[in-house]
Amino acid sequence: GHAEPIVIRGIEYPRDSFTNVTPKILSFIGKNKHNQEKHPLCLLKKRITNYFYTRFAGRTGNPIFSMYDSIHPVVTVHENFDSLLIPKDHVSRSKSDCYYINEKYLLRAHTTAHQSELISMGLDNFVVFGDTYRRDEIDSSHYPVFHQADSVRLCNQNQLCMRIQNEIEVFEKKPTEEFSYKQPEHTLDASKVVEQELKAFLIGLTEHLFGKGIQYKWTDSYFPFTHPSWELEIYFKDSWLELLGCGLIRHQILKNVGAGDRIGWAFGLGLERLAMALYSIPDIRLFWSEDPGFLCQFDVEDVNKNVTYKPVSEYPPCINDISFWLPETQEYSSNDFYDLVRSVGGDLIEQIRLIDSFTHPKKGTTSHCYRIVYRHLEKTLTQEEVNQLHKAIELAAAENLQVKIR
Ligand code: PHE
């Protein structure tokens, strides 16, 4: 029945009006593809970790950064949003964007959710890898479960001066106004030093992964938890690809967890996007494939070896449209439909696109038409199989979303 609590790792979470996580999505918890030996996401994790370890080594060559790759994806709304100063009315909190377990818990929408707690534990240098969950469109580069890496590096006044062999102040005696290029609490000098170190570190990482010839550019960006903020884009296969977001951590965040004497940077990146570019993986669903034809291509001794994925062969797509009237008496978002299609069709769905939206001039009712592209990654689908699936999707949509099939 619907009132039964959601059970994850033996812990019961009561349902409420926020609950929107589906059994299909819950089934991904624990798969931890980034920890599966010889999986492309795991190779990439190791490559990134190696870069951290060699770039910042201690006196005896010991790693300075702590690496976490097994933090559980169930987090509180406080961890995912409040602790990062994300405003109460920010769109990223909405039920149509996140998988809520209930009002208090959700599946993390970014690995940044762990930043405050790790800092409060006393860590100054760390990197977190993990699975992340977001309701989103469906196509070859989006999947509701994906993986991220997040990193933080902090220092206090002394450490910063040591690093640059120069005496500078980190904090203003009295906060200034906020400028586009620095926070009120930081001196311009300190802010610039941290910015430079961050950018040099990330360029180094990009070159470590893609080689020295890679073309890149910085663009100004915005995140509630960093200021200033940037995005790093690389020029790859004839277009600019957003690789990561980064910036100087908001002073308020550090103060809230007892690190108000520190300044530092943070960045976060999506592992699939990076791996798709690095290994020429054409479809994000492949990261969930158990097919040995896929996995064996990443069975390398040396993680730094460049692997170029070769598709075994491509099976033909099957295209089918579906049209329905939206319900008049309850909320509807396209993401509700996408989740339903995923639950019924699983990985046979390559893409869904809203191709037409029509509002009846007199009645005011709205109808949507979606185009569904069906494609199996490892065989040819028969028309019969697709028709059955399509029918099942129509039935489930009529039943669960109260839409009227046209
Ligand atoms: N959490 C951000 C995202 O998911 C990335 C980010 C992390 C940006 C840390 C800045 C600092 O897009």
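Because the structure is a prediction, the values reported are computed rather than measured. (Residues numbered from 1 in each chain as written. Predicted model: local features only at pLDDT ≥ 70, side-chain atom pairs only at ≥ 80, totals over all residues. Heavy atoms only, no water.)

S.K.: I'm lost on the site of the ligand in this one. Help?
M.R.: Around the ligand lies a shell of 13 residues, among which His110, Thr112, Arg134, Gln148 and Gly268 are the nearest. Taking histidine 110, its side chain carries an N or O atom lying 3.0 Å from a nitrogen atom of the ligand. Between the ligand and arginine 134 there is a distance of 3.0 Å, counted from an oxygen atom to a side-chain nitrogen or oxygen. If the ligand stood free it would expose 320 Å²; the protein chains cover 88% of that surface. (Near = heavy atom within 4 Å. Polar contact = N/O pair within 3.5 Å; in protein donor to acceptor, adjacent residues only side chain to side chain. Areas by Shrake-Rupley, 256 points an atom, 1.4 Å probe, with all protein chains shown as cover.)

S.K.: What's the story with the packing of helix α5 (residues 157-164) against helix α6 (residues 188-210) in this structure? I'm lost.
M.R.: Angle between the axes and distance between the axes: these two values describe a pair of packed helices. Two elements in contact, α5 and α6, have axes whose closest approach is 12 Å; the angle formed by their N-to-C orientations is 65°. In this structure, α5 crosses over α6, and the sense of that crossing is left-handed. Within the contact between the two elements, α5 uses Leu160, Arg163 and Ile164 and α6 uses Ala190, Val193, Val194 and Glu197. (Axes fitted to C-alpha atoms, helices over the stretch in contact; angles between N-to-C directions. Helix = DSSP H or I, 4+ residues; strand = E, 2+ residues; numbered from the N terminus. Left-handed = near helix turned anticlockwise from the far one by under 90°. Contact = heavy atoms within 4.5 Å.)

S.K.: Looking at this structure, I do not really get the packing of aromatic side chains. What am I missing?
M.R.: For any pair of aromatic rings, the description consists of the separation of the ring centres together with the inter-plane angle of the planes. Across all of its chains, the model carries 30 aromatic pairs by this definition. Pairwise contacts between aromatic rings join Tyr51, Phe52, Phe56, Phe65, Phe201, Trp265 and Phe267 into one cluster. Sitting above the plane of the tyrosine 143 ring, arginine 342 keeps its charged end 4.4 Å from the centroid. (Phe/Tyr/Trp six-rings, centres within 6.5 Å; stacked < 30°, edge-to-face > 60°. Lys NZ or Arg CZ within 6 Å of the ring centre and 35° of its normal.)

Geometry only, nothing functional implied.
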